[in-house]
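# Structural features, examined
Letter by letter, the chains look like this.
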Amino acid sequence: MSVIRTQLRGLASRPTRLLLTSLAVIVATAFAYATFLVQDVVKQTLSDSFSTTTPATSVVVKSDEKPLTDKVIADVKAAPGVAQVAAQGTAYAQAGGIGLFIRSDPGRGPLSLVTVKSGHFPSQAGEIALTPDSAKDGNLKVGDTVAATLPDTKKTVRLTVSGIVEGHDSGGGYVSAAGLSALGGQVYRLNISAAAGTDATALVNRIKPLAPGATVQDGATVRAADASEATRAVDSLFLVLRLFVLVAVLAAGLVAASTFRIVFAQRMRQLALLRSIGAKRGKIVGALTIEGAVTGLVAGVAGVLAALGISYAVIAVVRATGVKITFPAVDLLVATACVLGAVVVTVASVLAPAVSASRVAPVAALRTAAVADAAKKVSWGRLALGILCIGAAVVVALGAVVIHSPEVSALGIVVSGAFAFGALLALGPFVVPPIARVIGLPATALSKVTGRLAIRNASRSPRRIAATTSVVALGVTLVTGLLVGTSSMQAYADARLAAQFPTAVIAAGENIPASAVQKLAQHPAIGVAVPVHAAEVGLSANGNQLPGTTVNSMDVAKVPSLQNAKVAGGGPSDVRPGTIGLPTTLAGKLGVHVGDSVVVTSKNHSVTVKVAATWETGFGIVVLPADLAKVAPDAPISQVLIDPASGHTAVEASRAAASALPGVQVQDIDQARAQYQGPLATVTLIALGLLALTVLIAVTGVATTMSLSIVERTTESGLLRALGLSRRGLRGSIVLESAVFGLVGAAIGLVLGTLYAGLLLGVLQIGIGLVVPVGELAGVVAVLVVLTLLAGWLPSRRAARISPVEALATS
């Protein structure tokens, strides 16, 4: 018990050492508990924001197939106990050169789902309220009148913008029930509030006979279902987030183990004295383990409190800006679990250093320098374990490549990566010091004394530099893999988008008049307007048949971008008279390759064409107009490919198309790109933020290692100063030593991240090629180097402030 008391007293007397030892665990615990807090906030906010059932809704009537008739709506309104009915319906119109999805809403009262920002909500037919995004896209403001074309009826109506509102969707417009009826919209849902004193269940039973074929439920049940649907994706996202938490905890554990090893090495004289007065090795291990548990307890509590404080402060600031967001609920069970997890991680991290520290004989420890632990030779057992891990990583990766199951293969790549990281941990003491010496050559060349000192100090403790750089490498590997993966996906999506949008603007509809296309082509804002005919035909080859397949015909020569579309297997520019271009999936089903024949048939005609090209991207099936006319002479125009004229923008071309081609949907490539770029960028930023925490923990480990190493080398620093090394030179060597940790970790992480990202993209079998974002990766390395330099800056100032005489007098 006296040994334990001694260690705990020493721990309490050195709060700075306690902070350094527990810093990484504090960060990881705060991350873990913040994850639960954020999940709670997001789920509550989504439930409140995206549910189309307000808290005042007592009963909901829904029809999934047929719209609710005017009679049903009138009968429900007249039912006893009904206070208010909000009909939810939709319509679509082209207005102001943009497509508008229009919804109905009461505009006021407890059943309304919108908030009026300016103007007023529509009170009659002929008025519309727009969301801010739609008003901006259509260049419209309150009071403007716009012509709206209804695609279904080809009818044009005049709508006055009565207000700007915010609803559950960022785009579109809102109208009253009368306005929806005038636009030909249909109602599929009724939200009903009950009169005071009316039981919701009784009202449900009263309304069911009035709405045959519809689903009638109480509002609480529907709202719970809406909330579950809205948060389902969030639950999946936070399930993935748990993996990042585990990675952060692993990194914190590695940093804590390295820190404990340094701390125990510095206390060898004290531990040896305890051994010399009778303390057994078991008691030493037990006391050090209890010290680790106390450190973990303090770190866990501090991490939970930090997460709570930061979360509430951030949400308070966000709420002050007017954003509707709820404060998280404090779950004591989860908080306790996070604290206990911190204790477990810290105890697991302290065991190996504690056992190692207890093995030193009392006499040997009393006369050995504090760096004894750091200078130990690395066992050959680690070498054998590392080689086994490398073998396992290679075997599993090869198996993942051979297996033709994307899900299983992807899991195999992840497992292989885990083995590779295990190999890095085991072989680090062997391979990291030589890498450090090679990377440090430029520093040695620039400043021989300072550079040599930095490289020598970084390499003198193989296990220490290996443990610290392994954590850095883990963070860089994950960040590199993410950046390479998202850049590759971005390039793939851009290629597919270029195939689906060969021109800046596409107008799509049914049976577009050729005269309207000719008129559009004469508009000054239009440079290219090429019609695309489409027909359902049958394809056959080698005994294989594909009935009811849509074939597109266009004059490829008139679309410059199609002439320049170079993709694997060929492009539309290869399609000439008597040939056809096919997606590779369809070519596989027909069993044909480039040069083979395919028969195209309709009810009364057939023609044989040769395969000119196959492609992975989304060009679809392409023939020239003359060839399609042989089997479908009356094929209607389904699309118009549009490019703006020189000096005009895609937005101007879109508006010209919407004006000349009433009843068609017009979309430009920027709108289509935003549909995937926005979510992809959001996911990438979120993931980078999470992975950055791993890098932060790694840099914390570097700072802790350097701070404790400076204490360990106080006498050595004094001797260097006594021999003539300036304060600036001493600071420079320490800062460079710190940077070596970051550079070595970055080098290893870049290689592993790029390698495993390429393997993962390959086994997914979706045609994504490897794209390495050199600029972004260079930025990651630059930031990491700056952070590791800063991690060594404060310890270097402390070391340089100690006078040579004081340092040489230090025990």
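Residue positions within a chain follow its written sequence, with the count starting from 1. Only residues with pLDDT of 70 or above have their local features reported here, since the model is predicted, and side-chain atom pairs are shown and tallied only from 80 upward, although totals for entire chains, interfaces and linings are computed over all residues. Hydrogen atoms and water are omitted, and side-chain values are computed over all heavy atoms in the structure.

The subject of this paragraph is the overall build of the protein. For helices the rule is a DSSP run of H or I covering at least 4 residues; for strands it is a run of E covering at least 2, with both sets numbered from the N terminus onward. Scanning the protein from N- to C-terminus turns up 26 helices and 19 strands. Contacts: residue pairs with any heavy atoms within 4.5 Å of one another. Nonlocal contacts in the protein, meaning residues at least 24 apart in sequence, comprise 82% of its contacts between residues at least 6 apart. Accessible area of the protein: about 37,200 Å², with a carbon and sulfur share of 63%. The Shrake-Rupley method, run with a 1.4 Å probe, gives the accessible areas here. Residue values count only the displayed protein chains as cover.

To continue, consider the confidence of the model for the protein. Confidence of the predictor at the level of single residues is captured by pLDDT, which takes values from 0 to 100. Within the protein, residue pLDDT values average 79, and 81% of them lie at 70 or more. Counting contacts from residues 368–376, a segment whose pLDDT is below 50, to residues more than four positions away or on other chains yields 15 contacts.

Moving on, we get to the nonpolar core. Counting 66 residues, the largest nonpolar core has Tyr33, Val304, Ile697, Ile748 and Leu784 as the members making the most contacts within it. For this core, the element with the most residues is helix α24 (residues 727–763), which contributes eleven residues. If you look at the next biggest cluster of nonpolar residues, it comprises 39 residues, including Ala93, Leu159, Leu190 and Ile207. To form a nonpolar core, buried Ala, Val, Leu, Ile, Met, Phe, Trp, Tyr and Cys residues must be joined to one another through side-chain atoms within 4.5 Å. Here's how the labels work: a residue is buried when its accessible area is under 20% of the maximum for its type, exposed when over 50%, partly exposed in between, all with a 1.4 Å probe on protein chains only.

Another point: the packing of α24 against helix α25 (residues 774–801). In the contact formed by α24 and α25, the axes pass within 7 Å of each other and the chain directions differ by 150°. Here α25 runs roughly antiparallel to α24, going by the angle between their axes. Between α24 and α25 the crossing geometry is right-handed. Throughout this entry, Asp, Glu, Lys and Arg are counted as charged residues, while Ala, Val, Leu, Ile, Met, Phe, Trp, Tyr, Cys and Pro are counted as nonpolar. The remaining residues, Gly among them, count as polar. Looking at the contact of α24 with α25 residue by residue, the classes come out as 16 nonpolar, five polar and four charged. Comment: axis = line fitted to C-alpha atoms, over the contacting stretch for helices; angle = value between 0 and 180 degrees taken between N-to-C directions. If an angle is under 35 degrees, it is roughly parallel; if it is over 145, roughly antiparallel; if it lies from 65 to 115, roughly perpendicular; otherwise it is oblique. The hand of a helix crossing depends on one turn: near helix anticlockwise from the far one by less than a right angle means left-handed, and clockwise means right-handed.

Take the pattern of salt bridges next. Pairing of side chains with opposite charge becomes possible as their charged atoms draw close. Any carboxyl oxygen of Asp or Glu within 4 Å of a side-chain nitrogen of Lys or Arg constitutes a salt bridge here. What the rule picks out here adds up to four salt bridges. A salt bridge links lysine 558 to aspartate 555, with the nearest nitrogen and oxygen atoms 3.9 Å apart. Judged by its relative accessible area of 54%, lysine 558 is exposed. The residue aspartate 627 makes a salt bridge to lysine 630 at a minimum N-O spacing of 3.7 Å. Here aspartate 627 pairs with lysine 630, and both are found in helix α20 (residues 625–631), just three residues apart, close to one helical turn. You can call lysine 630 partly exposed: its relative accessible area is 47%.

Positionally, leucine 305 belongs in helix α9 (residues 281–320). The class for leucine 305 is exposed, based on a relative accessible area of 54%. As for leucine 305 and alanine 34, which are separated by 271 residues in sequence, their C-alpha atoms are 10.0 Å apart.

Looking at the element boundaries, serine 63 is found in the loop between β1 (59–62) and α3 (70–78). Among the residues examined, serine 63 registers a relative accessible area of 8% and is labelled buried. Beyond its immediate chain neighbours, meaning those up to four positions away, serine 63 contacts Leu68, Tyr188 and Ala214.

Looking at where isoleucine 455 falls in the secondary structure, it is placed in helix α15 (residues 448–459). Placed 283 residues apart in sequence, isoleucine 455 and serine 738 show a C-alpha to C-alpha distance of 9.8 Å.

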